Structure formats: structure tokens, C-alpha cells
Amino acid sequence: MGLSVRLLKKVKGFVLDVEWEIEDELAILFGGSGSGKSMTLQLIAGLMEPEAGFIRSNGNVFFDKAAGINISPQERSLGYVFQDRILFPHMTVRGNIAYGLKNASRFEKEERVKKMIKLFHLQGLEEMSPSEISGGQKQRVALARALIGRPKALLLDEPFSALDNPLRLEMRRLLQEIRVEFQIPVILVTHDVFEAYTMGNQVIVYSDGKVVERGTPGEIFHLRAGLEIEKILAFSSSK
Amino acid sequence: MGVAVAYLLATKDFKGKELLDVLFTLPLVLPPTVTGYYLIILFGRNGFMGKLIYEWTGWSIMFTWYAATLASFVVALPLMIKTTRAAIESVDKNLINASYTLGHSEFETALRVTLPLAKMGILAGAVLSFARAMGEFGATLMIAGNIPGKTDTMPLSIYAHASSGDWSKANVMVIFFSLMSGLFLYIANRFTKRII
């Protein structure tokens, strides 16, 4: 099993109460704003603590309330790409990527950074600062930084939402490519129907802190599009 | 010390946090003579700390240049803490969280992410608090006196020259002080404007 979670968290009147599991595949957390998608990622990463439940990944227990286990975010070894303000502005592209690699010799670090720069098509940008590169390039650096340490899972919090359409398509292609290289569970949070439909192996639909549907994109958007999906789609198209 | 206290206040939630903030900020709003009075109570020969120091070493800080330094430090510290705390609080939490998820400890993150990104605010705080320390008068007079050649700081000298009618020396010092203070403010503003 790639990743298995059961999470309960109450924050200022909002209750997140979800349970799901995925294989080493790309799962989409799909839903409207404020449905608890990003909070789920923060709980999995260890940036927030659930009030009950568990988080397990390929035999590792990151959190288990009943057993009193709560591994720190530093020790969970999860790649996390945030929506915006994603790169360290005081470091170069190379520095940002290298920051994702701990406990490696200088030689090993240099080799791994070189490999990631090639894999993410960032040649020529190594010594530039984040303010000198485009939005798409920034996201590629963020992905390279998150993946250089070979994480156990990759968490993506609407990473492409600030990009224009051609760049989003390019990033989607890149994400599909790197999934071949890194066989790990990837969780992509989005409220973009096209992204949810085209990218995921599995779609988990959130509404008001709960999982209301689960299935393949075809099942979710064609075969059994329920009222919740209709509502989210109506809201997305009206924006 | 200012950076350490500011970091604690900006990033941690603990019991008594507001009280600690008030304690460190108090010299900013108290009349300097009151701050000086507290320092006498603490560091005077019969004071809480001063007595211990005197019993151990046979030495008292009172009416030495160390006392002038201590007075300047205490009145300037709140400016350093306030400015640095604001700078640390302005660092994007996502960047700090990103560092944690990349495996870096809080200490490493503070050294390599938080403090470098708050650098301009910290420098502005250092410049402002240095300017405030140079201009300290009341608390210094209370615990260091105004001993010529020993504890007569520039503000105390200006007061002494003006009192004795030596206006030419007072004028030179006042002009020098005004220019220096203006320069410090200009530098602090430049740093503040460069905060991201």
C-alpha cells in the first residue's frame, strides 16, 4: 500500500474527517475551496497534528494517535510543493535544489543536483535567483528540490494554479515523466476539473471536510457524477 | 540577545509570552530615570544582583563605564527586539514549512532560512538600537554618574557643557550627534525598504 490515512482535525468550526488509501499512483484530491484538501496535505506532512487517526506509508507509520506515534516533518521524508512563494528567495536555483538533500557528501550532492537539473530541464539557470526565472521554471525547481532527497511520497498543493495554460500543460507532461523515474505515491490537490480528469489514476472528491466520492477519473466524472460533483463543476465553470 | 529573544517571541507560543514581551519592551516607554532606578535596585552594591557580584568579586558595576554600557543596552534592547520580531514574523511560513519538510531542523531552518530572510529587519534593528544606545542619558546618569574621563558619555557631556555655559563645545557635539542620528535613521530606512 502506498499511502493510507485516517484523519480527524477540528479547526475553528471546520471538521476534517477523512479516510482513504492509495497505491504508488497519482491520486487527485479534488474539491472546492475550503473543503479540507490542503489541510489534508499539511496533516500528512506533519505540519499540523490530527486529533485522531493514522498516517502510514509503505510500512512506515508517520502518525498513529492510538499508539502515540507522531514523527516530525523532518523525519517523514515527504516531498511537499506549495502553491506559491515556493522557492527560497535568497538562494540560487542550484542552492534551492541542493537544500533538499541532507546528509550527502559534497561530491554526491553535486552529482545529484546535476542530475536533477538535467531531469527538470534547468540547464543554464543554475546560478540565477528565483526572481530571475519564470513561474514554470520556479515550479520545476520546486519539484526538483522536493524530489532530490528521494522522498517516500510527493505532496503537491495546487502547484500549477498560478501558471498560464501552456505552462500548465508543460508541467503536467513533466509530472507524468517524473512519475516514471520516481515510483512513489503522488497526491495532487486541485480544484481544476481538467487537471483532475487528465492526470490522476484515482480521484478522491472532498466536500466540507469529508470524502464524498472515490474512483477513477472516468468513474467520477462520467459514470456516477453525483450531486457533489455537479456542484463543484458548476462552481468551477462559473468562476 | 535581541535576535534570540525576538525569535522566541515571533515563533513560539508559551505561557507568559506576553509578560515577557512587556518586560523587554518596558524600557521603551518608561522614563529613562525609572529604568535607571530599576538598574540601581538590581545592580547597586546592595541590589539583588549587585550584592552577589560584590560578594563574589569585591567589585561593583556602579559608576563605571560598564554601567553606562549596561544602561545603553537595556534601553536599546526593546528597539532591537521589536524590529527583529516584526522582520521574523514577516518571513513566509510556507518557506519555513518547506525547510522542515526537506528534513531541516528548526535550528538549521532558523540559521539558513528565517534569519537570512529577516536580515534587513535585523540590520535595521541593530542600527536603530545602536543610535538609541548612543543617545542614552537618563538611565546612564542614574547608574554611571557623569565622571569626567570615565563615564561621561556624549549626551552627558553635552548636558555638562550646556550647564557650565561652554556653548561652543556643546554646539559641536550637538551638530555631530544630529548628523550621526540622521545618518543612522537613513541607513535603518534603507534596510527596512529592502525587506521583502
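Our subject in this report is the structure included herewith.

Residues and elements named next belong to chain B. Put simply, helix α10 (residues 154-163) and helix α11 (residues 167-193) touch, their axes get as near as 8 Å, and they point 150° apart. What the angle tells us is that α10 and α11 run roughly antiparallel. Seen from above, α10 lies across α11 with left-handed handedness. Contacts between α10 and α11 involve M154, S157, I158, H161 and A162 from the former and K169, A170, M173, V174 and F177 from the latter.

A few words now on the sheet that holds strand β6 (residues 69-70) of chain A. Residue and element names in this part refer to chain A. Reading across from one edge, β2-β1-β4-β5-β6 is the order of the five strands in this open sheet, with antiparallel pairing throughout. Each edge of the open sheet is held by one strand with a lone partner, namely β2 (14-22) and β6. With four bridges joining them, strand β4 (residues 52-57) and strand β5 (residues 60-64) adopt antiparallel strand pairing. Residue pairing in the sheet places F54 in a bridge with D64 of β5.

What follows concerns the interface of chain B and chain A. Each partner contributes to the interface: chain B provides 15 residues, whereas chain A provides 17 residues. Taken together, the elements giving at least two residues each to the side of chain B that touches chain A come down to α6 (93-101) and α7 (106-117) of chain B. Looking at the side of chain B that touches chain A element by element, the count peaks at six residues for α6 of chain B.

It is a general feature of regular strands that their side chains alternate between the two faces of the sheet. Residue and element names in this part refer to chain A. Hairpin connection, β4 to β5: the antiparallel pair is bridged by two residues, and N58 has positive phi, about 45°. Of the strand pairs in this sheet, β5 and β6 are connected by two bridges, and their pairing is antiparallel. Directly across from F63, in β6, lies its bridge partner N70. Count of turn residues in the β5/β6 antiparallel hairpin: four residues, of which G68 carries a positive phi of about 70°.

What counts, and at which threshold
- Residues numbered from 1 in each chain as written.
- Chains lettered and ligands numbered in written order.
- Predicted model: local features only at pLDDT ≥ 70, side-chain atom pairs only at ≥ 80, totals over all residues.
- Axes fitted to C-alpha atoms, helices over the stretch in contact; angles between N-to-C directions.
- Helix = DSSP H or I, 4+ residues; strand = E, 2+ residues; numbered from the N terminus.
- Parallel < 35°, antiparallel > 145°, perpendicular 65-115°, else oblique.
- Left-handed = near helix turned anticlockwise from the far one by under 90°.
- Contact = placed C-beta atoms within 7 Å.
- Pairing = 2+ DSSP bridges.

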